[in-house]
Amino acid sequence: MAGGVKKPVNIFRLKNLGEPKNVFNWRLWFAVTSFALLGAARGVDEGLISGAFNSKDFQRTINYSSYSTVDQTNIKANVSAMVQIGSVGGALFAFVICDRIGRIWATRQLCLLWILGIAIFMGNNGSLGAVYAGRFIAGLGVGQTPVVGPIAEIAPASIRGLCTCLFTGFVYVGIVLAYFTNYGAQINLGDTTHVRWLAPTSVHIIFAGIIFILTFFQFESPRYLIKRGRHEKAAENMAHIRHLSVDDPYVISEIAAIRAAHEEELEATMGASWYGVLKEMFLMPSNLYRLYLSTMVQFMSQWSGAGSITLYAPDLFKLLGITGQNESLLVTAVFGLVKFAAAVVCALFLVDVIGRKRALLLGIALQAIAMVYVAGFLTAVPELGIDDSYVLPTAKVAASRGAIAMIYISGVGWALGWNSMQYLLTAELFPLRIRAVSTSLVMTLHFVNQYGSSRALPNMLLATDDGGITPMGTFWFFAAVTIIGGLWVWFFVPETAGRSLESMDRLFDLPWYKIGRYGNQDAEQKDEAYNEKEAIAGGVQHIDVVDEKRPGDTRV
């Protein structure tokens, strides 16, 4: 792969990275973990809603049995996907909030929206309108979570991948807790009272409350403060997070690099007007390519199918041969554990070791193999999911178990690849001046595509006579999108591992058709020239540039 990664990071020996020993301190990890918990918002919802909806008591509450088969499919799809459509508005709203009130207060208000929406959902009293409204309002909060948390802005470049992947890790923490809460409620509480679905749903409120409380122990992002012209406060906050003094050369160099990059962006785009921001986003070729990369990542990842599989896992396991509500929920819960383990492996051993691009391609390869197998199995047994009276022959039970195993493998591939990178690349690609609005726009597209795929899946699984493309056609579609996505990543996505946010521009100086294959090689040459210039000028000792050589430097 052109522009391959540099020396790997050993996350168990961070002291060998050549950074000041205080940089990797408890304050950094506390801040990163506090904001990474925002990932649980999406995970809890994806893990809970299908199991809660399948509760017989919930279905009785909304008179589900009174609707036709097609109407039932649409109601389930609408209830499941309503958080995603609310998240579209939340992601659009987030960049205004972030730039006006900062990351801390933005986090607090999203938690309040999240709690309000879930409270309305829990108190629906049989009203389908209240169910929709509550989940939509909750989505307004959930949609802000990938935009608001300043993890990439406070993490040192050498471990930014690890820190950002903690957000993805908490997505899976939320999924696992939700799956097992549904399973536990079904086993221990029965399915005759509202408690069966109210108790699991309360996990939303627990997470939102914890995150809200933790914000009172956090400090505002230094990069946001510099953008607001509060340079002294930015230096104080950076020193606090790094556990160094304000006049430490490392802190001074970081603040100087952020200020220089911001001032250069302001000068290049003639001030701070909205016109200047939009001009920089869409008329500067390097930024337009970044928008192209991040939007395509959202499109390819969401329509590869793995996200929708997470949302409708109990139904899909039942389709592939798992019988019984309890068994389906248990298999789904184990599925969540498998994906969580894969996310941990990705964060600790892949994303900052072999790099973003290789980890992404590895995940896509696993996902593609799994999708092709499941599609082939459903082609051999086209009655599954179409004919309710069909009984799987004994001779095909082994193949059915293989398909179920492949769903697990697709989850591993999703965790290693698309699901980690759709957040990580979006968080680290954009320059400071347009970061909030660009990230907000991209995450809006993320939730639009997530809504589209999650809303479409129940209808896609229907027979062609009912307007669907059958389970077989659905998985062949997912397989095709996954394979096309892998080819696109190989040709167009550059490696970003280990590069400071301020030095990211050097990846995008080549013509667009060369960036994915040769952008890193070109950027490394520019790094060398930049470092030589800094050395001649007697530059700051610890300025954060990708290829600056320090004793024991092992950053990717």
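Right above here is the structure, for reference.
The paragraphs below set out a description of the structure included in this document.

**Comments concerning the overall build of the chain**
- Along the chain, the regular secondary structure elements total 23 helices and zero strands.
- A compact globule built from 556 residues would reach a C-alpha radius of gyration of about 24 Å, and the chain, at 24 Å, matches this within 12%.
- Each of the three principal axes of the chain carries a C-alpha extent, and together these read 80 × 45 × 45 Å.
- With 556 residues in all, the chain has 59% of them scored as buried.

**Considering unusual backbone geometry**
- Here the phi dihedral of Asn125 falls at roughly 55 degrees; this positive angle occurs in a residue that is not glycine.
- Along the chain, the position of Asn125 falls in the loop between helix H4 (69–122) and helix H5 (128–142).
- In this structure, His243 is a non-glycine residue whose phi angle is positive, near 60 degrees.
- Among the structural elements, His243 can be located in the loop between helix H11 (231–242) and helix H12 (249–268).
- On the accessibility criterion, His243 (33% relative accessible area) is partly exposed.

**Considerations on empty space enclosed by the protein**
- Scanning the entire structure with this criterion turns up eight cavities of 30 Å³ or more.
- In this structure, the largest cavity encloses a volume near 260 Å³.
- Taken together, 20 residues line the largest cavity, and the ones lying closest to its centre are Pro146, Val147, Gly149, Ala427 and Thr439.
- Of all the elements, helix H21 (residues 432–460) adds the most residues to the lining of the largest cavity, at four residues.
- Among the residues making up the lining of the largest cavity, the classes are represented as twelve nonpolar, five polar and three charged.

**Section: a nonpolar patch on the surface**
- Taken together, Val372, Trp476, Ile483, Leu487, Trp490 and Phe491 make up a surface patch of nonpolar side chains, about 550 Å² in accessible area.
- Sort the elements by how many residues they give to the nonpolar patch and helix H22 (residues 470–492) lands first, with five residues.
- Structurally, the position occupied by Ile483 is in helix H22.
- Note on Ile483: relative accessible area 44%, which makes it partly exposed.

**A look at the nonpolar core**
- Among the nonpolar cores identified, the biggest contains 150 residues, and Trp114, Phe317, Leu320, Trp418 and Phe475 are the most heavily contacted of them.
- Sort the elements by how many residues they give to this core and H4 lands first, with 17 residues.
- If sequence neighbours within four positions are ignored, Phe475 has contacts with Ile309, Leu316, Met371, Val374, Ala375, Leu378 and Ile407.

**Examining the packing of helix H8 (residues 160–188) against helix H17 (residues 325–350)**
- Their axes nearest at 9 Å, the elements H8 and H17 cross at an angle of 165 degrees. Considering the angle they form, H8 stands roughly antiparallel to H17. Crossing of H8 against H17: the hand is left-handed.
- Looking at the contact of H8 with H17 residue by residue, the class counts come to 20 nonpolar, seven polar and one charged.

Rules used in this analysis
- One numbering rule holds for all chains: residues counted from 1, following each sequence as written.
- Selection of residues for local features in this predicted model requires a pLDDT of at least 70, selection of side-chain atom pairs for listing and counting requires 80 or more, and totals for whole chains, interfaces and linings are taken over all residues.
- To obtain the side-chain values, all non-hydrogen atoms of the structure were included, while hydrogens and water were left out.
- Elements are defined by DSSP. Helices are runs of H or I of four residues or more, strands are runs of E of two residues or more, and each kind is numbered from the N terminus.
- When we talk radius of gyration, it's over C-alpha atoms, and the globule rule is simply 2.2 Å times the number of residues to the 0.38.
- In this scheme, a residue with accessible area under 20% of its type's maximum is buried, one over 50% is exposed, and one in between is partly exposed, where area comes from a 1.4 Å probe on protein chains only.
- Of the two site types, the cavity is a set of points on a 1 Å grid over the protein atoms alone where a 1.4 Å probe fits but cannot get out, and the pocket is an open set with protein on both sides within 12 Å along at least five of seven lines, each lined by residues with an atom within 4 Å of a point.
- Grid points are joined across faces, edges and corners, and a volume is the space filled by probe spheres set on the points.
- Residues were grouped as follows: Ala, Val, Leu, Ile, Met, Phe, Trp, Tyr, Cys and Pro as nonpolar; Asp, Glu, Lys and Arg as charged; and all remaining residues, including Gly, as polar.
- For patch building, the residue pool is restricted to those with more than 30% relative accessible area and no salt bridge; the joining distance is 9 Å between like charges and 5 Å between nonpolar side chains (Val, Leu, Ile, Met, Phe, Trp, Tyr).
- Reported accessibility uses the Shrake-Rupley method at a 1.4 Å probe radius. Residues are deemed covered only where the shown protein chains occlude them.
- Here, a salt bridge means any Lys or Arg side-chain nitrogen found within 4 Å of an Asp or Glu carboxyl oxygen.
- The criterion is simple. A nonpolar core is a set of buried Ala, Val, Leu, Ile, Met, Phe, Trp, Tyr and Cys residues joined through side-chain atoms within 4.5 Å.
- The criterion used for residue contact is that any of the two residues' heavy atoms lie within 4.5 Å.
- Axis definition: a line fitted to C-alpha atoms, over the contacting stretch in the case of helices. Angles run 0 to 180 degrees between N-to-C directions.
- Under this scheme an angle from 65 to 115 degrees is roughly perpendicular, one under 35 degrees roughly parallel, and one over 145 degrees roughly antiparallel; angles in between are oblique.
- In a left-handed crossing the near helix is turned counterclockwise from the far helix by less than a right angle, and in a right-handed crossing that turn is clockwise.

Take it as geometry only, folks, not as evidence of what the structure does.
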